[in-house]
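What follows is each chain in one-letter form.
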Amino acid sequence: MAGPNSPEILATQILGNVFIACIVLSNVPYFYKIEKTRDVGQFNIYPFVFMIGQAMMWVVYSMICDIEGIVPVNTFGMLFDLAFILIFISACKDLAVKRKVMVSLMIELIVLVSFVAIVVFQAPKDMHQKILGWATSILLVAFFFSPVLNFYTMFKQRTTGSLSLPLSITSILAGVAFGLYGVFLKDNFITISNFSGCVSGIIQIGFYYLMKLVIRISPPKIDSKNIYNDNIDKDSKFCYHHPSQELLLFCEDCKEKACYNCIVDKNNHRGHNLDLLKINDNSEIENNIEKEKEKEKKKEKEKEIEDKKEIEKKKSQEKNNKDFELDVESNF
């Protein structure tokens with residue numbers, strides 16, 4: 001095993017920390033928007049609750065096994081995820097949602113702390129690394145491969161869904177860095193769990209380009225019942241282009257709903273003026289459209305009535321003219 005200060009270990013440790021930090025910080029714009037508007041819309045905070053537990057387990061594992069390289073990045077991620085959750089709770093106006101989030105976080109922490117306590121105080125000391133290593137690895141592998149569960153839905157709907165090439169590439173790079181870090185340390189749990197992230201990223205990129213080809217050959221069928229503003233269902237909570245993503249935003253430029261993946265997609269709303277949907281919900285626009293339609297219908301009916309009156313008036317005039325002509329003829 002290479003020494004803790006060897007060049008290869010330091011290099012992979014630094015690179016891994018940088019790549020993971022980039023992934024964590026990519027969420028900052030979303031929560032800045034929530035903090036600024038003081039509205040959470042329909043944002044799903046529970047993945048961040050899960051990630052706090054996962055990061056905490058890796059911190060515990062690294063401290064028990066005396067592996068300093070993965071402590072900074074997981075502590076960094078845990079603190080940012082906690083900050084994101086606190087921002088969400090402070091901005092959320094729904095007390096029931098607040099309670100659910102806080103209870104979920106408390107239950108997760110109680111379960112994980114209890115698990116760690118049982119392992120540390122009840123299991124043999126030589127088994128600590130193995131038990132905690134398996135637990136942390138399973139959590140990380142499950143997290144990496146969770147997007148694969150949406151592949152069938154994406155294929156049926158002919159869409160790339162929530163897949164993000166920059167995020168997949170960054171995940172691969174982080175997985176390679178920390179996978180090699182585990183190799184140099186001869187820690188199979190760090191190696192296997194992080195290389196699984198590389199595999200997951202490669203699978204996602206492959207599926208992304210496969211779906212691009214499938215969409216080109218067999219584009220999705222769109223009918224008037226399934227679209228709103230030419231690309232999304234009027235009543236749907238999910239994005240037409242990214243079906244697994246909720247419509248949490250409203251594009252001021254296009255006057256339509258959008259999801260967070262639409263921000264990075266050059267074919268959708270990248271670079272547009274976007275706000276959280278609940279604050280700038282297009283329900284007012286929809287209501288105005290409905291009102292305009294009702295006005296148009298009312299005008300059409302009024303016009304029909306006027307036309308009928310005009311026709312009846314003309315008929316009456318024609319009749320009166322005929323009667324007048326008959327009277328004149330009879331007088332002669």
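Residues numbered from 1 in each chain as written. Predicted model: local features only at pLDDT ≥ 70, side-chain atom pairs only at ≥ 80, totals over all residues. Heavy atoms only, no water.

## Remarks on the nonpolar core
Counting 27 residues, the largest nonpolar core has Phe31, Phe43, Ile45, Phe48, Ile85, Phe88 and Val101 as the members making the most contacts within it. Of all the elements in the fold, those that place two or more residues in this core are helix H2 (28–37), helix H3 (46–64), helix H4 (71–91), helix H5 (95–122) and strand S1 (249–251). A total of five residues in this core trace back to one element, the largest contributor, which is H4. In this structure Phe43 touches Tyr30, Phe31, Ile34, Phe48, Phe88, Leu248 and Tyr260, once residues within four positions along its chain are discounted. In terms of nonpolar packing, the next biggest core, distinct from the first, is built from 23 residues, Val116, Leu132, Ala135 and Tyr181 among them. (Core = buried A, V, L, I, M, F, W, Y, C linked by side-chain atoms within 4.5 Å. Buried < 20%, exposed > 50% of the residue type's maximum accessible area, 1.4 Å probe, protein only. Helix = DSSP H or I, 4+ residues; strand = E, 2+ residues; numbered from the N terminus. Contact = heavy atoms within 4.5 Å.)

## Some points on H5
For H5, with 28 residues, the first-to-last C-alpha span of 39 Å sits near the 40 Å given by 1.5 Å per residue. Listing the buried residues of H5 in full gives Lys98, Val101, Leu105, Glu108, Leu112, Val116 and Val119. Between a side-chain oxygen at the N-terminus of H5 and the backbone nitrogen of Ala96 the separation is 3.0 Å; the capping residue is Asp94. (Expected span 1.5 Å × (residues − 1). Polar contact = N/O pair within 3.5 Å; in protein donor to acceptor, adjacent residues only side chain to side chain.)

## What about the packing of aromatic side chains?
Here the distance between the centres and the angle between the planes together describe a pair of aromatic rings. In this structure the tally under the stated criterion is 13 aromatic pairs. Aromatic side chains Trp58 and Tyr61 sit 5.5 Å apart centroid to centroid with 85° between the ring planes, which places their arrangement in the edge-to-face category. Highlighted residues: Trp58 and Tyr61, both in helix H3, separated by three residues, approximately one helical turn. Just as Trp58 is buried, Tyr61 falls in that class too. Judged by centre distance (5.4 Å) and plane angle (90°), the ring pair of Tyr208 and Tyr209 falls under edge-to-face. With relative accessibility at 16%, the residue Tyr208 sits in the buried group. Among the aromatic residues, ring-to-ring pairing joins Phe31, Phe48, Phe76, Phe80 and Phe84 into one connected group. (Phe/Tyr/Trp six-rings, centres within 6.5 Å; stacked < 30°, edge-to-face > 60°.)

## Some points on unusual backbone geometry
In this model, Arg38 sits at a positive phi of 60°, which is unusual for a non-glycine residue. With respect to the helices and strands, the residue Arg38 is situated in the loop between H2 and H3. Residue classification places Arg38 among the partly exposed residues on the basis of a relative accessible area of 32%.

Taken by themselves, the reported measurements are silent on function.
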